[in-house]
Amino acid sequence: MGGYVKEQYMRPAQQLFDEMPQRDTVSWNTLISGYAAVGDTENVMALFREMLERKVAMDNFTFSGAISGCSTMQQVRAVHGSVIRGGFDSHVTVHNTLLTAYSNYGCLDDSERVFELMETRDRVTMNAMIVAYGQHRRGAEALLLFQDMVHQDVVVDMYSLASLLTAFTSLADLSGGKQFHAQLIKAGYESNSHVGSGLVDLYSKCGSIPDAAQVFKEIPEPDLVLWNTMISGFAMNERGEDSVVCFRELQREGLRPDDCSYVCVISACADLTVPLQGKQIHSLVVRTEFVDHISVNNALITMYSKCGNLNDARNLFDRMPQHNSISCNAIIGGYAQHGHGIKALELFEHMRKSGIKPTSVTFISVLSACGHTGKVEEGKSYFRDMRKECGIEPSAEHYSCMVDLLGRAGQLDEAERLISSMPFQPGAITWGALLGACRTHRNIDLGTRVASELLRLEPSNASAYVMLSNMYADSGRWDEAAAIRKLMKTRGVKKTPGCSWIEVKKKVHVFVAEDCSHPRSQEIYKFLKEISRRMKLAGYVPDMRWALVRDTDEEERTLKLEHHSEKLAVAFGLMSSGIGVPILVMKNLRICGDCHNAIKFISAIVGREITVRDAYRFHCFKEGKCSCGDYW
């Protein structure tokens, strides 16, 4: 049975266990640890309860395995209670596992309490506590603990050194991390895979991906953990293609991906926003024992949602044997992003009734759903519930969601008062949310003040200049708009060029405004000319506010509107796919108001479902309507 468990073949291991005439503690422990390793919490807890009911003798390995297999804080606390009742509350290995578990579930205070109550601490204990401090961005305490470790003559090994790297990572101290890296080289650890994982993680999280890749390259025999860290590093630095390539190399090297490998590469596919790559990885998952693994499925739900395939995300969610808060956050966030605010809120209420405790992330999605559906009073109620019922203190992101909610509803004065009442200084995201609302509701006076605050915080924030300039242009105040553009040029601030892309027949096609580089440009423009004629017959009127061009005649401004990148991508998608086939277009910036209106008409004329994912959310156009209800 141990051989099956080692290779993570849990079905034959379970069958062998069931056929055993007599089972000793080792047999139970082996199966529990196996299920814990593959993340099968349900079977871990079932076996642990059965041992309790049958009064099977337990040892420290039993409790350590059960704790490792927990997927909620409630489960950890329940097993901890059994540890105390079983008389194992002074066992070092059990305490080490508890310390790590509490930290992983965000309860650093409990980790510290376990640490302080331990009569005996070993090197693993010290390493685990250093990692815990690093995880919770308390790098200074981690460094002090490492110094204590050295002073107490505790033997420092590669795990201790790798643990200390989390301190530099949590402090985002790239300079200190590089100095420590130099010491590691002097100590002869530059080729160690475990230490290498810590270095790759440090460099990746500090945004120095070339250094991370170089460390990885210099490890002669990287283990699976190091491969996973490199895949994750590429993903978190928006190098999704490199992440997928790294995953493929892992497979070619003969290593067997684990659940973490799949979670990392699926996350990278979500950021690629090209559905094909994610579907290919999902097809690999289906052929493994991770098909029902909760963390892998959570990543898949997020990936499908971000790639515009909400139906597959929901089907996967419904098929999952169990959910946790991350599962619920993923599907609620997906519905909120796609403009289905009511469904998102229904799922939130279902989550609460199911006994799954909402997290800080949950409320971000819930407040966003309220904001995109105009449910102002409901949003205010949920904002109050966070603190009163769930004990969650609102963060800057929650306040930004509330400012966005009030701003979208036109309650700009109340949004400004909320910012003034914040218990901390408002950041760029908060001011940006209010500035966007000022643009929507054409409040130039407030918009000017807000833009000033935003630029004080981020002088190189191109979006603030562009939005203020567009507000002036929208009101016909061209001289002031030009002055803002000139200020941008003087300060060396450059606007990100807008572009849209679409995947057709496994190839990605990218467009910019008035693009003539595509091999089928003439066909695209001819198609747009004809569809524009039909749109106007159906009642479409170009919204010249979005042309933002001065001193040109109306015909030229209309043509510029007609040739925006999202319209070009939509036209190409319709030309290149079969009748009735839905299309998905991605845009790196926010969709313009005229394009939003135009695509509603196009969806009705051609009888197609057209989804546009811009930098903020999804717009699903069908039969002349958008999922956002024009509330965006």
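Thresholds applied
Residues numbered from 1 in each chain as written. Predicted model: local features only at pLDDT ≥ 70, side-chain atom pairs only at ≥ 80, totals over all residues. Heavy atoms only, no water. Helix = DSSP H or I, 4+ residues; strand = E, 2+ residues; numbered from the N terminus. Rg over C-alpha atoms; globule rule 2.2 N^0.38 Å. Buried < 20%, exposed > 50% of the residue type's maximum accessible area, 1.4 Å probe, protein only. Contact = heavy atoms within 4.5 Å. Areas by Shrake-Rupley, 256 points an atom, 1.4 Å probe, with all protein chains shown as cover. UniProt positions renumbered as here; feature names shortened; annotations may be inferred. Domains from an automatic or database assignment. Salt bridge = Lys/Arg side-chain N within 4 Å of Asp/Glu carboxyl O. Expected span 1.5 Å × (residues − 1). Arc of directions from axis to C-beta. Pairing = 2+ DSSP bridges. Axes fitted to C-alpha atoms, helices over the stretch in contact; angles between N-to-C directions. 1 Å grid on protein atoms, 1.4 Å probe; cavity = no way out; pocket = protein on both sides within 12 Å on 5 of 7 lines; lining within 4 Å. Points joined across faces, edges and corners; volume = space filled by probe spheres on them. Nonpolar A, V, L, I, M, F, W, Y, C, P; charged D, E, K, R; others polar. Disulfide = S-S within 2.5 Å. Phe/Tyr/Trp six-rings, centres within 6.5 Å; stacked < 30°, edge-to-face > 60°. Core = buried A, V, L, I, M, F, W, Y, C linked by side-chain atoms within 4.5 Å.

Looking at an unreviewed UniProt entry, one finds the protein chain named DYW domain-containing protein, with Nymphaea colorata as its source organism.

Visitor: I'm lost on the overall build of the protein chain in this one. Help?
Guide: When helices and strands are counted, the protein chain shows 34 helices and six strands. In summary, the protein chain has a C-alpha radius of gyration of 28 Å against a globular reference of 26 Å for 632 residues, a match within 12%. If one aligns the C-alpha atoms of the protein chain with their principal axes, the spans along those axes are about 85 × 50 × 50 Å. For the protein chain, buried positions account for 51% of its 632 residues. Long-range contacts, defined as pairs at least 24 residues apart, comprise 61% of the intrachain contacts of the protein chain with a sequence gap of at least 6. For the protein chain, the exposed area adds up to about 30100 Å²; of that, 51% sits on carbon and sulfur atoms.

Visitor: Explain the UniProt feature "repeat: PPR" (unreviewed entry) in the protein chain here, please?
Guide: Feature annotation in UniProt places "repeat: PPR" (unreviewed entry) on residues 24-58, 122-156, 223-257, 324-358, 359-394 and 461-495, given in this structure's numbering. The straight-line gap between the two end C-alpha atoms of residues 359-394 is 11 Å; of that span, 69% is helix and 0% is strand. When the span residues 461-495 is considered, its composition is 74% helix and 0% strand, and the gap between its end C-alpha atoms is 9 Å.

Visitor: Could you clarify how one ought to interpret the domain arrangement of the protein chain in this entry?
Guide: By a widely used convention, the size of an interface equals the accessible area lost when the partners come together. The domain boundaries assigned to the protein chain delineate domain 1 (419-491) and domain 2 (499-626). Domain 1 and domain 2 are separated by 27 Å when their C-alpha centres are compared.

Visitor: Looking at this structure, I do not really get the environment of Glu 503. What am I missing?
Guide: With respect to the secondary-structure elements, Glu 503 resides in strand β1 (residues 499-504). Counting along the chain gives 92 residues from Glu 503 to Cys 595, while the straight-line C-alpha distance between them is 20 Å.

Visitor: Would you mind showing me how to read the pattern of salt bridges here?
Guide: Pairs may arise between side chains of opposite charge once their charged atoms sit close together. For the structure shown, the criterion picks out 26 salt bridges. Measuring nitrogen to oxygen at the nearest pair gives 3.8 Å for the salt bridge that ties Arg 352 to Glu 349. With Arg 352 and Glu 349 both in helix α22 (residues 341-353), this residue pair falls three residues apart, about one helical turn. We classify Arg 352 as partly exposed; its relative accessible area is 24%.

Visitor: Explain helix α12 (residues 174-186) to me, please; I cannot follow it from the model alone.
Guide: Note that an α-helix has 3.6 residues per turn; residues three or four places apart therefore point the same way. In this model α12 runs 19 Å from its N-terminal to its C-terminal C-alpha over 13 residues, within 8% of the 18 Å that 1.5 Å per residue would give. Of the positions making up α12, those classed as buried are Gly 176, Gly 177, Phe 180, His 181 and Leu 184. All buried residues of α12 lie within an arc of 145° about the axis, which places them on one face of the element. Pointing more than 90 degrees away from the buried face of α12 are the exposed residues Gln 179 and Lys 186. Just past α12, the residue Gly 188 takes up positive phi, approximately 85°.

Visitor: Would you take a moment to explain the sheet that holds strand β3 (residues 583-587) for this structure?
Guide: Within a beta sheet, neighbouring strands are joined by backbone hydrogen bonds and run either parallel or antiparallel to one another. In spatial order, the strands read β2-β1-β3-β4-β5-β6; together these six strands make up an open sheet with mixed pairing. Two strands close off the open sheet at either side, each with one partner strand: β2 (507-512) and β6 (625-626). Bridge count for strand β4 (residues 610-613) against strand β5 (residues 618-622) is four bridges, and the pairing is antiparallel. Each bridged residue has a counterpart across the sheet, and for Thr 611 the counterpart in β5 is Cys 620. In the packing of helix α33 (residues 565-576) onto the sheet, the strands contacted are β1, β2, β3 and β4, and the crossing angle to β1 comes to about 15°.

Visitor: For this particular structure, what's the right way to read the layout of surface pockets?
Guide: In this approach a probe as big as a water molecule rolls over the atoms, and the regions it shows empty are the leftover space. Computed from the structure, the second largest pocket encloses a volume of approximately 840 Å³. Along the wall of the second largest pocket there are 33 residues; nearest its centre are Cys 307, Gly 308, Pro 582, Ile 583 and Leu 584. Per-element accounting of the lining of the second largest pocket gives the leading share, four residues, to β1. When its residues are assigned to classes, the lining of the second largest pocket shows 15 nonpolar, eleven polar and seven charged.

Visitor: How should the side chain of His 338 be read in this particular structure?
Guide: For His 338, the location among the structural elements is in the loop between α21 (325-337) and α22. Overall, His 338 belongs to the buried group, its relative accessible area being 1%. Excluding its chain neighbours within four sequence positions, the residues that come into contact with His 338 are Ser 305, Gly 308, Asn 309, Leu 310, Arg 617, Phe 618, Cys 620 and Ser 627.

Visitor: Sorry if this is basic, but what is going on with the state of the cysteines here?
Guide: By definition, a disulfide links the sulfur atoms of two cysteine residues through a covalent bond. In this structure the tally under the stated criterion is zero disulfides. Distance from the sulfur of Cys 206, which forms no disulfide, to the nearest cysteine sulfur (Cys 264) is 18 Å. No disulfide involves Cys 499; its nearest neighbouring cysteine sulfur is the one of Cys 595, lying 13 Å away. A residue is classified by how much of its surface remains accessible, and Cys 499, at 17% relative accessible area, is buried.

Visitor: Would you mind showing me how to read empty space enclosed by the protein here?
Guide: Within the structure shown, the criterion is met by one cavity of 30 Å³ or more. Approximately 60 Å³ is the volume attributed to the largest cavity. Taken together, Ser 532, Met 535, Lys 536, Tyr 540, Pro 542, Thr 558, Leu 561, Glu 562, Lys 567 and Asp 594 make up the full set of residues lining the largest cavity. Of all the secondary structure elements, the ones that give two or more residues to the lining of the largest cavity are α31 (521-537) and α32 (554-562).

Visitor: It is not clear to me how the packing of aromatic side chains should be interpreted in this structure. Could you clarify?
Guide: Two aromatic rings, taken as a pair, are described by how far apart their centres are and by the angle between their planes. Counted according to the given criterion, the structure contains 13 aromatic pairs. Ring centres 6.0 Å apart and planes at 70° place the aromatic pair Phe 48 and Phe 63 in the edge-to-face group. In this pair, Phe 48 is assigned in helix α4 (residues 41-54) and Phe 63 in helix α5 (residues 60-68), connecting sequence segments 15 residues apart. In this structure Phe 48 comes out as buried when scored by relative accessible area, which is 4%. Judged by relative accessible area, Phe 63 falls into the buried class, the value being 2%. Taking 4.9 Å as the distance between ring centres and 75° as the angle between the ring planes, the aromatic pair formed by Phe 216 and Trp 227 counts as edge-to-face.

Visitor: Would you explain the pairing of β5 in this entry?
Guide: Working note: regular strand, side chains alternate between the two faces of the sheet. Buried residues dominate β5, accounting for four of its five residues. What sits between β4 and β5 in their antiparallel hairpin is a turn of four residues. With two bridges connecting them, β5 and β6 associate as antiparallel partners. Looking across to β6, one finds that Phe 621 is bridged to Cys 626. Hairpin connection from β5 to β6: two residues lie between these consecutive antiparallel strands, with Glu 623 at a positive phi of about 50°.

Visitor: Even after reading the chapter, I still don't get the nonpolar core, so can you show me in this structure?
Guide: Nonpolar side chains tend to gather and get buried jointly when the protein is soluble and globular. One finds Val 79, Tyr 262, Ile 266, Ile 332 and Leu 434 to be the most contacted residues of the largest nonpolar core, which totals 158 residues. Ranked by residues supplied to this core, first place goes to helix α29 (residues 462-474) with nine residues. Leaving out residues up to four positions away in the same chain, Ile 332 has contacts with Ala 344, Leu 347, Phe 348, Met 351, Thr 362, Ser 365 and Val 366. By size, the runner-up hydrophobic cluster in this structure holds 28 residues, among which are Leu 528, Ile 531, Met 535 and Ala 571.

Visitor: Just checking my understanding: could you explain the side chain of Asp 594 for this structure?
Guide: When you line up the elements, Asp 594 lands in helix α34 (residues 593-606). You can call Asp 594 buried: its relative accessible area is 0%. Apart from the residues within four sequence positions on either side, Asp 594 is in contact with Tyr 540, Val 541, Pro 542, Asp 543, Trp 546, Leu 561 and Lys 567.

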